[in-house]
Amino acid sequence: MSKHLVPGLGRVRLDRLTPRDVQRFLTGLRGKLAPASIIKVHAVLRVALADAERMDLVPRNVAKAAKPPARGRTERRALTPRKPRRCCRC
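Let me begin by describing the structure that accompanies this report. (Residues numbered from 1 in each chain as written. Predicted model: local features only at pLDDT ≥ 70, side-chain atom pairs only at ≥ 80, totals over all residues. Heavy atoms only, no water.)

This next bit is on the nonpolar core. Membership of the largest hydrophobic core comes to 15 residues, with the highest contact counts inside it found for L17, V22, F25 and L45. When contributions to this core are tallied by element, the ones reaching two or more residues are α1 (2–9), α2 (19–29) and α3 (35–54). Excluding residues within four positions of it along the chain, L17 makes contact with L9, V12, V22, L49 and V62. (Core = buried A, V, L, I, M, F, W, Y, C linked by side-chain atoms within 4.5 Å. Buried < 20%, exposed > 50% of the residue type's maximum accessible area, 1.4 Å probe, protein only. Helix = DSSP H or I, 4+ residues; strand = E, 2+ residues; numbered from the N terminus. Contact = heavy atoms within 4.5 Å.)

Right under this line is the structure:
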């Protein structure tokens, strides 16, 4: 996760981080990562900022205000029964 968080948000001090910064960061990950991965990155950031908030390092958790992309549904195919294969001796 630090592979994405540090390059994307590492230049901003925690006390100056805004919901807009987080939203812009998450939007920038689209096309680079799958939606499920972006959701995980957002979750890690949200938990880290919750810890920082609990320790009074930041006034609030700005990651709560940002929305990760929708996970999106993939189309699934139903399984169909296959004809049994014939043995080469039959």
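A separate point is the pattern of salt bridges. One pass over the full model with this rule turns up 2 salt bridges. When the shortest N-O distance is used, the salt bridge between R13 and D15 registers 2.8 Å. Residue R54 is joined to D51 by a salt bridge in which the shortest nitrogen-to-oxygen separation is 2.9 Å. You can see R54 and its partner D51 sitting in helix α3, 3 residues apart, about one turn around the helix. Overall, the relative accessible area of 29% leaves D51 in the partly exposed class. (Salt bridge = Lys/Arg side-chain N within 4 Å of Asp/Glu carboxyl O.)

This part covers the side chain of H42. Along the polypeptide, H42 turns up in helix α3. Those residues in contact with H42, other than ones at most four positions away along the chain, are L26, A63, A66 and P68.

A few words on the side chain of N61. By the element assignment, N61 lies in the segment after α3. Classification of N61 by relative accessible area gives buried; the value is 6%. One polar contact links the side chain of N61 to the main-chain carbonyl oxygen of R46, over a distance of 2.9 Å. There is a polar contact of 3.1 Å between the side chain of N61 and the backbone nitrogen of A63. Once residues within four sequence positions are removed from consideration, N61 is found in contact with R46, L49, A50 and E53. (Polar contact = N/O pair within 3.5 Å; in protein donor to acceptor, adjacent residues only side chain to side chain.)

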